[in-house]
Amino acid sequence: MTGPLLIVVFLLSMVYLFVTIVRFKMNPFFSMISAAIIIGVVVGMDLNALVGGITSGFGGVCSSLGIVVAMGFLLGGMLSEAGATDSLADAALSTFGEKRASLAMNLTGFIVSIPVFYGSAYVILNPILRTLSRKTRKPIQVYITALSVGLLTTHCLVIPTPGPLSVAGTIGVNFGWFILYSLLVSIPGALVGGWLYGEFLGKKRYPYVEPVAAAGEAPEAPKAPDKKRAPAGLAIAIIALPLLLIVLGTLIPMWVSVPGVVSLCQFFTAGNGVIALIASVIFAAWTLRPYVQGSYAPIITKNFNEMGEIMLLLGAGGSFGAIIQASGIGDYFVALLRSWNVPLIVLAFLLCLLMRTALGSAAVAMVTTASIVAPLCAQLGESGIIMGLSICAASMAFATPTDAAFWLVQKLDNLSFKDTWITHTFGNAIACGVMFAIVLLLNAGRGFLPGL
């Protein structure tokens, strides 16, 4: 099969994914694997090549990201168990004060979501929102927006979270430069879509209403003395360590040519930064030991169990992307780009946006889009970092009912369907727009900006 029919097949596969996941509640793993098989059969792929593409696409993602994702989950689990996330929230509030409490929650979410998975982080930090609402007499929607957008921004853009990690690894870009530019792009997005938009909602749309307890949460009672918690400074140091190791491992060889130093830097940045993350987990296990009750074994087991589903989804996304490319759809996209003069940065953004809406999972949308876009970067001479950031920015929107996070926010905070759209979905869409605008500016400055 050739020509426009390939695009028709691709669009129909998106409809299939949307219907099977949303309407029939099929597990996304089976939905994507079956979609890949259907595409391969419909376009006439050799059956052996089809099976090989599915397994190689799945294996490629797992082999490059498996250990890194495992270390990221374990790092987040240790921080949560040691009470470090609560300490970070308290420190942010004491630093910014109650008048800027929504900014404090936005930045807390931004930092915490780097090592801690979005869903876990939102559940852990959610009770603070009602306390802040009562203390400041601001509607809880202000804080829901600030926290949700802050968490999702780094979840979608900053390594070592699985989505951006998979994008950078699939496209094959330097992790150090990717982290630096992702921070440059994500911070304004989080502030505008989370903090400023949240404050706007509090002033223009929502009056203050006494917040009710979250679903399944008992009414507030006098607090018992907290267990000893890891201090905020230690939490920040643990979160920053893998980022610093990867970034410095990238930058130092540009300034120093001593062979031993260069080799050490290459050691920490090789394999998608796996050594940097392993070193950070060892550092966290040592420094957090006084704040963790019992052994680390239950924490390791719990977080590795949670990581298993994520890796299956990422692997299925890799399989789906591999079949999209092997079927000829990717090559036809190149031909369309050249005939329509559509910039690859726009195509990558729209493609991820479409998949995010259809699949629900930001991480799966990212890795699938990256699998399709990676060969195009080399063919069209585009910057892999720019394309990766474009994909990651697109994954912020739309956070629709196909996404589990949409229902987590709604149920946990007793929001109406409409209010969940206004706070969670629209806030993240605004952040997405801001970040894509910055990516376009970076793309315009490729001639003089380093690393691009």
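Each remark here, short or long, concerns the structure printed above.
Residues numbered from 1 in each chain as written. Predicted model: local features only at pLDDT ≥ 70, side-chain atom pairs only at ≥ 80, totals over all residues. Heavy atoms only, no water.

A.B. asks: Explain the packing of aromatic side chains to me, using residue names and the numbers behind them.
C.D. replies: Counting across every chain of the model gives 8 aromatic pairs. Residues tyrosine 197 and phenylalanine 200 carry aromatic rings whose centres are separated by 6.5 Å and whose planes lie at 20° to one another, so their mutual orientation is stacked. Of this pair, tyrosine 197 and phenylalanine 200 both sit in helix H9 (residues 175–204), 3 residues apart, roughly one helical turn. According to the relative accessible area criterion, tyrosine 197 is buried, its value standing at 12%. With a relative accessible area of 46%, phenylalanine 200 lands in the partly exposed category. Centre to centre, the rings of phenylalanine 349 and phenylalanine 436 are 3.9 Å apart; their planes meet at 20°, and the pair counts as stacked. Note that phenylalanine 349 is positioned in helix H14 (residues 344–359) and phenylalanine 436 in helix H18 (residues 417–444), a separation of 87 residues in sequence. Of the residues examined, phenylalanine 349 reaches a relative accessible area of 11% and is grouped as buried. (Phe/Tyr/Trp six-rings, centres within 6.5 Å; stacked < 30°, edge-to-face > 60°. Helix = DSSP H or I, 4+ residues; strand = E, 2+ residues; numbered from the N terminus. Buried < 20%, exposed > 50% of the residue type's maximum accessible area, 1.4 Å probe, protein only.)

A.B. asks: A description of the environment of valine 8 should follow, citing residues and the corresponding values.
C.D. replies: Mapped onto the fold, valine 8 is located in helix H1 (residues 4–23). Taking the C-alpha atoms as reference points, valine 8 and isoleucine 329, separated by 321 residues in sequence, lie 9.9 Å from one another.

A.B. asks: Describe in detail a nonpolar patch on the surface, supporting the description with residues and values.
C.D. replies: On the surface, a nonpolar cluster with roughly 520 Å² of combined accessible area is contributed by Met1, Leu5, Val8, Leu12, Ile38 and Val42. For the nonpolar patch, the secondary structure elements donating two or more residues are H1 and helix H2 (28–42). Per-element accounting of the nonpolar patch gives the leading share, 3 residues, to H1. Checked against the element boundaries, leucine 12 lands in helix H1. Using a relative accessible area of 55% as the deciding quantity, one classes leucine 12 as exposed. (Patch = residues over 30% accessible without salt bridge, like charges linked within 9 Å, V, L, I, M, F, W, Y side chains within 5 Å. Areas by Shrake-Rupley, 256 points an atom, 1.4 Å probe, with all protein chains shown as cover. Salt bridge = Lys/Arg side-chain N within 4 Å of Asp/Glu carboxyl O.)

A.B. asks: If you had to explain helix H15 (residues 362–380) to someone new, which residues and values would you point to?
C.D. replies: For H15, spanning 19 residues, the distance from its first C-alpha to its last is 26 Å, which sits close to the expected 27 Å at 1.5 Å a residue. In H15, a bend of some 35° at valine 373 exceeds every other bend along the element, and proline 375, a proline, comes one to four places later. When you tally the buried positions in H15, you get 15 out of 19 residues, the bulk of the element. Positive phi shows up at glycine 381, right after H15, with a value of about 70°. (Expected span 1.5 Å × (residues − 1). Bend = angle between axes of the 7 residues up to and from the residue.)

A.B. asks: I'd like a description of the pattern of salt bridges, backed by residues and values.
C.D. replies: The final tally for this structure, using the stated rule, is 2 salt bridges. Between glutamate 199 and lysine 138 there is a salt bridge whose closest N-O contact spans 3.0 Å. Note that glutamate 199 is positioned in helix H9 and lysine 138 in the loop between helix H6 (118–136) and helix H7 (140–157), a separation of 61 residues in sequence. No difference in accessibility class separates glutamate 199 from lysine 138, as the two residues are buried.

Take it as geometry only, folks, not as evidence of what the structure does.
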